[in-house]
Structures are given as C-alpha cells and as structure tokens.
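Residues per chain are reported as follows:
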Amino acid sequence: MGLFLLKRFATLLGTLAAASVVVFAVLEILPGNAAQTLMGADADPEAVAQLSAQLGLDQPALHRYGQWISGLVQGDMGESHAYGTPVHELVLERLALTVPLALLAMALATVLALAAGVYAASRHNRLGDVGVMALAQLGIAIPNFWFAILLILLFSVQLQWFAAGGFPGWSEDSGGGLWPGLKALLLPAVSLAVVQAAILARTTRSAVLEVLREDFVRTARAKGLGQRAALWRHVLRNAMVPVVTVMGLQFANLLAGTIVVENVFYLPGLGRLIFQSIANRDLIVVRNCVMLLAAMVIAVNFVVDLCYGAIDPRVQARDL
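Residues numbered from 1 in each chain as written. Predicted model: local features only at pLDDT ≥ 70, side-chain atom pairs only at ≥ 80, totals over all residues. Heavy atoms only, no water.

Caption draft 1: Highlighting the nonpolar core. V208, V243, F265, L267, L270, V285 and C289 are the most contacted members of the largest nonpolar core, which has 59 residues in total. Breaking this core down by element, the ones donating at least two residues are helix 5 (87-122), helix 7 (144-158), helix 8 (178-212), helix 10 (227-238), helix 11 (240-264), helix 12 (270-279) and helix 13 (283-311). In terms of residue count, helix 5 provides more of this core than any other element does, 14 residues in total. Setting aside residues up to four positions removed in sequence, F265 forms contacts with A148, I152, A164, G165, G166, L187, P188 and S191. (Core = buried A, V, L, I, M, F, W, Y, C linked by side-chain atoms within 4.5 Å. Buried < 20%, exposed > 50% of the residue type's maximum accessible area, 1.4 Å probe, protein only. Helix = DSSP H or I, 4+ residues; strand = E, 2+ residues; numbered from the N terminus. Contact = heavy atoms within 4.5 Å.)

What follows is the structure in structure tokens.
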C-alpha cells in the first residue's frame with residue numbers, strides 16, 4: 001500500500017505540473033493586454049508600455065512561468081492587476097461560497113441519484129424503472145443555466161420564497177448567517193445537482209442491476225433476506241466502485257458549472273471572479289483560479305482511488 005500511495009502521489013504531482021503548463025500556455029495565447037485594459041483603449045502607448053513593465057508583462061513567457069511556479073510553491077499567488085490586492089485573499093474570500101455550493105449540490109445529487117437508481121433497478125423493466133429513466137434523460141438534456149432561470153421565475157418571481165440572487169454572507173454581523181446563507185445557495189445547488197443526479201442515477205441503476213445478478217445475492221435472498229435489506233446492505237455497497245468514480249468526475253463538473261450558475265444568481269464566488277477577471281484581462285487571477293480548480297479535481301480523483309479499497313475489499317492496490 002505504501003508503494004501504491006507513493007506512485008499515486010507522484011502521478012498527482014506530474015498531472016499538476018502538466019496542468020500548470022497547459023493553463024499558462026492557453027492564457028498566454030489569448031489576445032489583449034492587461035495594461036491596455038486597465039488604462040483604457042485611448043491610453044498613451046508609452047504609458048501602457050510603462051505599466052506593462054511595472055506589472056512584469058514585458059518579461060519572456062518562460063521567465064514569467066518560472067516566477068509563477070516559484071510563487072505557488074512558496075504560497076504566493078501574486079497580486080491582482082485589477083483589484084490591487086493579493087490573489088490569495090480574493091480566492092479565499094470566494095472559496096467560502098463556491099466550496100459550500102459545490103458540496104451542497106453534490107450532496108443533493110448523491111441522495112437523489114442513489115435513491116432513484118436503486119429504485120429503478122429494483123423495478124427493472126417496470127413502470128417505475130421507465131419513469132425514473134425518462135426523468136433522468138430529461139435531466140441530462142436540461143442545461144443547468146436554463147434550469148436556474150426557471151427556478152428563479154418559479155420560486156423567486158412567482159412564489160417569492162427565495163431571493164433571485166445575491167449572497168448575504170455567513171456572518172450574522174453583516175446581515176447573513178448559516179440559515180440565510182444556505183437558503184441563498186439552495187436554488188443554485190438544485191440547478192447544479194439536477195444534471196449530475198440524472199447521470200449518477202443511470203450509473204447507479206446499471207451497477208446495481210449488474211450486482212443483482214451475482215450468486216451471493218440469490219443466496220442471501222434464498223436465506224430469507226428481504227429485497228430492501230439485500231439492496232441497501234449488500235448490493236449497493238458492491239455496486240459503489242463505478243458510482244464513486246462517476247461522483248469524482250461529477251465534482252469536477254460541479255466546480256466548472258459554478259462559473260455559469262454563479263453569474264445567473266449573481267453570487268460572489270470563484271466562478272464569478274474568474275468571469276470578471278477574464279473580462280478585465282487580469283490573467284494572474286484567472287491563471288491561479290483555474291490552477292486551483294485543476295488541483296481540486298486532481299485531489300478529488302486521488303481520494304476516489306483511495307476509497308476503492310474501503311468500499312470493496314476485493315479491490316487491491318495492484319488493481320488500481
């Protein structure tokens with residue numbers, strides 16, 4: 001197991017290094033200049049060149065890449081060109097919204113998907129199965145930003161149960177708190193969770209159906225174990241390996257989906273920060289935020305690999 005962890009950790013570092021090169025190269029080829037954006041289209045070219053030199057934008061790309069990586073290793077993300085504040089302060093402030101939003105959406109998607117997938121598998125080729133799969137197909141086809149707009153029209157405009165956008169914060173001193181914050185994130189979380197729940201429900205159904213055909217399930221039922229107990233105590237656990245794999249991939253989709261949903265609900269999260277920084281050509285913020293998202297996705301996949309053995313003892317480290 002120690003060798004397995006070492007190999008996985010080396011793979012994680014290699015993937016992070018490759019991701020950093022890709023992120024830096026893609027942003028480098030984008031048109032535009034941060035200094036020109038900050039000073040305006042009609043600014044004096046000499047003033048723009050002076051600001052570019054002050055921001056270090058006139059340095060060779062390889063030199064700037066080395067400075068960026070060196071800063072990341074030391075925990076220094078640099079300073080935002082547009083906001084004039086350290087990038088890590090901006091990121092930490094926005095992560096306080098984005099991470100709870102993604103976790104809430106993932107929790108909703110998991111609960112809905114496991115219940116729907118097991119229910120559909122237990123009623124294979126019957127009305128319940130057909131109904132759940134039809135709803136899942138509909139959920140996959142609905143874009144989350146369009147569903148978010150429908151939720152706003154229904155629950156904010158018509159019923160007026162929720163605010164149409166904004167975030168009061170987690171602190172009671174600023175007029176927010178735990179419940180107001182969760183209430184503000186509920187509609188965005190639902191809009192993110194629907195598509196993920198639909199995909200995960202189909203995966204759960206297929207995995208459960210495959211396990212239901214195993215001999216140990218028939219033996220358990222022959223000994224008098226009820227269908228519900230067999231499904232939830234034995235079948236689901238043995239079907240969780242492909243389900244957990246999809247969940248890891250879905251968490252990456254949730255993090256990427258927040259960029260759109262946060263703009264629909266006007267939430268001051270990491271996704272909105274990336275959107276605003278792209279518009280301002282504040283590439284140092286964009287670069288660090290995208291790298292952080294990539295690191296989170298890679299870390300989640302690493303944790304998923306470690307969970308395989310705990311979920312199914314038959315899975316050995318050499319099999320991963």
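Caption draft 2: Representation of the side chain of T98 in the model. With respect to the secondary-structure elements, T98 resides in helix 5. Setting aside residues no more than four positions away along its own chain, T98 makes contact with T258, E262, G269, L270 and G271.

Caption draft 3: How the structure looks around helix 4 (residues 61-73). For helix 4, which comprises 13 residues, the first-to-last C-alpha distance of 18 Å matches the rise-based estimate of 18 Å (1.5 Å per residue) to within 8%. One or two positions beyond helix 4, positive phi appears at G75, with a value near 85 degrees. (Expected span 1.5 Å × (residues − 1).)

Caption draft 4: Looking closely at the pattern of salt bridges. Under the defined criterion, the tally for this structure stands at 1 salt bridge. As a salt-bridge pair, R205 and D129 come within 2.7 Å of each other at their nearest N and O atoms. Of this pair, R205 sits in helix 8 while D129 sits in helix 6 (residues 127-141); the two residues are 76 residues apart in sequence, bridging distant segments of the chain. No difference in accessibility class separates R205 from D129, as the two residues are buried. (Salt bridge = Lys/Arg side-chain N within 4 Å of Asp/Glu carboxyl O.)

Caption draft 5: Region of the structure containing unusual backbone geometry. With a phi close to 65 degrees, N125 is a non-glycine residue in the positive phi region. Following the sequence through the fold, N125 ends up in the loop between helix 5 and helix 6. Judged by relative accessible area, which is 61%, N125 ranks as exposed. One non-glycine residue, Y266, lies in positive phi territory at about 55 degrees. With respect to the helices, strands and loops of the structure, Y266 is situated in the loop between helix 11 and helix 12.

Caption draft 6: Region of the structure containing the side chain of N288. Here N288 lies in helix 13. A distance of 3.1 Å separates a polar atom in the side chain of N288 from a polar atom in the side chain of W68. Within the local environment of N288, its side chain forms a polar contact with the backbone oxygen of M77, the two atoms lying 3.1 Å apart. (Polar contact = N/O pair within 3.5 Å; in protein donor to acceptor, adjacent residues only side chain to side chain.)

Caption draft 7: Inspection of helix 6 at higher detail. The end-to-end C-alpha distance of helix 6, which contains 15 residues, comes to 21 Å, matching closely the 21 Å that a straight helix rising 1.5 Å per residue would cover. Those residues of helix 6 that fall on the buried side of the exposure criterion are G128, D129, V132, M133, A136 and G139. Projection of helix 6 onto a plane perpendicular to its axis shows the buried side chains occupying an angular sector of 125 degrees, all on one side. When the buried face of helix 6 is taken as reference, the exposed residues oriented beyond 90 degrees from it are L127, V130 and A141. Contacts made by the buried residues of helix 6 are with helix 5 and helix 8. (Arc of directions from axis to C-beta.)

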